[in-house]
Amino acid sequence: MATLKTLALPDLPYPYDALEPYISSEIMLLHHQKHHKAYVTNYNNSLELLHQAIGNGDSSTVVKLQSSIKFNGGGHINHSIFWKNLAPVTQGGGVPPHGPLAAAIDREFGSLEKLMQKMNKEGGAVDGSGWVWLGLEKERNKLVVETTMNQDPLVTKGPTLVPLVGIDVWEHAYYLQYKNARPEYMNNIWNVVNWKYASQVYEKECGSA
């Protein structure tokens, strides 16, 4: 039986202060080096315990470890996407998409502005911690907006959903800078969204559909 591999914390593709003034360097440092790193560490620890439990035939411990592996593994998956979803203004952050993704957004939502408003509304309505996503439903070749709770990846909402843009609405993503003003954070983050990356994923997935 193949064994799951341990995770490693990915490097950020830009300096911690590169997204200012929209996301502070303090937030980025803590978010990456504390929160994301903790998901990686806890996942790896749980994975080691899982291997031991399987080896010992300890089914009770195997079951207990599932929630930790899902939560921390999901945290790693989501944040690895999130860092790529952002880019400094000097590197194209906030530049609207063009080409096939832009056309699909206009077709599904009416305009980019309407899509952003929809994601802001649904992300702002997440009760507690979670994410709001722009995803591609590959089975229907359709763009959708979905929310997930805690660290559930988008795929938990449907096996053919591919994340294009994910916005973290956990308090740790914005509280040090925006306090309890989640809507302000969500309005500002669009200034550093990396639409070029989202377009690349969209075109690749549509081409392989």
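Above: the structure in question.
Residues numbered from 1 in each chain as written. Predicted model: local features only at pLDDT ≥ 70, side-chain atom pairs only at ≥ 80, totals over all residues. Heavy atoms only, no water.

1. Thoughts on the sheet that holds strand β3 (residues 161–168)
Pairing in this open sheet of 3 strands is antiparallel, and the strands run β2-β1-β3 from one edge to the other. On the outer flanks of this sheet lie β2 (142–149) and β3, each paired with one strand and no other. For this sheet the average axis-to-axis angle between neighbouring strands, irrespective of direction, equals 25°. Pairing of strand β1 (residues 130–137) with β2, which is carried by 8 bridges, proceeds in the antiparallel orientation. In the strand pairing of β2, G135 is matched with V144. Its contacts with the sheet place helix α3 (residues 100–109) against β1, β2 and β3, and it is angled at close to 80° to β2. Packing of helix α4 (residues 112–124) onto the sheet brings it into contact with β1, β2 and β3, and relative to β1 it is tilted by some 140°. (Pairing = 2+ DSSP bridges. Helix = DSSP H or I, 4+ residues; strand = E, 2+ residues; numbered from the N terminus. Axes fitted to C-alpha atoms, helices over the stretch in contact; angles between N-to-C directions. Contact = heavy atoms within 4.5 Å.)

2. Looking at the pairing of β1
Counting buried positions along β1 gives 8 out of 8 residues, so the element sits mostly inside the fold. Here β1 shows two buried faces, one formed by G130, V132, L134 and L136 and the other by W131, W133, G135 and E137. What sits between the antiparallel neighbours β1 and β2 is a turn of 4 residues, in which N141 has the positive phi angle 55°. Bridge count between β1 and β3: 7 bridges; the pairing is antiparallel. From the neighbouring strand, V132 faces β3, where its bridge partner is I167. (Buried < 20%, exposed > 50% of the residue type's maximum accessible area, 1.4 Å probe, protein only.)

3. Some details on the packing of aromatic side chains
The full count for this structure, using the stated rule, is 8 aromatic pairs. Ring centres of F71 and W170 lie 6.1 Å apart, and the angle between their planes is 55°; on these two criteria the pair is classed as tilted. In this pair, F71 sits in helix α2 (residues 59–85) while W170 sits in the loop between β3 and α5 (175–178), placing the two residues 99 residues apart along the sequence. With a relative accessible area of 31%, F71 lands in the partly exposed category. Here W170 falls in the buried class, since its relative accessible area comes to 15%. Seen from their ring centres, Y174 and Y185 are 5.0 Å apart, and the 25° between their planes marks the pair as stacked. Of the two residues, Y174 is situated in the loop between β3 and α5 and Y185 in helix α6 (residues 182–189); the sequence distance between them amounts to 11 residues. Residue class for Y174 comes out buried when judged on its relative accessible area of 3%. Linked through ring pairs, F82, W83, W131 and W133 together constitute an aromatic cluster. (Phe/Tyr/Trp six-rings, centres within 6.5 Å; stacked < 30°, edge-to-face > 60°.)

4. Brief notes about unusual backbone geometry
If a residue is not glycine, its phi is most likely negative; likewise, a peptide bond is most likely trans. Residue P21 is reached from E20 by a cis peptide bond, and omega for that bond is 5°. Counting through the fold element by element, P21 comes out in the segment before α1 (25–56). Backbone geometry at N141 places phi at a positive 55°, although glycine is not the residue there. Within the secondary structure, N141 sits in the loop between β1 and β2. Phi angles above zero are rare outside glycine, and K179 is one such case at about 55°. Mapped onto the elements of the fold, K179 is located in the loop between α5 and α6.

5. Some words on α4
Every α-helix carries 3.6 residues per turn, so stepping three or four residues along brings you back to the same face. Look at α4: 18 Å from first C-alpha to last across 13 residues, which is about the 18 Å you get at 1.5 Å a residue. Among the residues making up α4, those that are buried are L112, L115, M116, M119, N120 and G123. In an axial view of α4, the angular spread of the buried residues amounts to 135°, which keeps them on one side of the axis. Among the structural elements, α3, β1, β2, β3, α6 and α7 (195–207) are those in contact with the buried residues of α4. (Expected span 1.5 Å × (residues − 1). Arc of directions from axis to C-beta.)

6. What to know about the pattern of salt bridges
Inspection of every chain in the model, using the stated rule, returns 5 salt bridges. Of the charged contacts, one joins D152 and K70 as a salt bridge, the two residues approaching to 3.7 Å between their closest N and O atoms. With D152 in the loop between β2 and β3 and K70 in helix α2, the pair connects residues that are 82 residues apart, well separated along the chain. Judged by relative accessible area, which is 22%, D152 ranks as partly exposed. Under the relative-accessibility criterion, K70 is labelled partly exposed at 46%. In this structure, the salt-bridge partner of K142 is E108, at a minimum N-O distance of 2.8 Å. Placement of K142 in strand β2 and of E108 in helix α3 is noted, with a sequence separation of 34 residues between them. (Salt bridge = Lys/Arg side-chain N within 4 Å of Asp/Glu carboxyl O.)

By themselves, these figures tell us nothing about what the structure is for.
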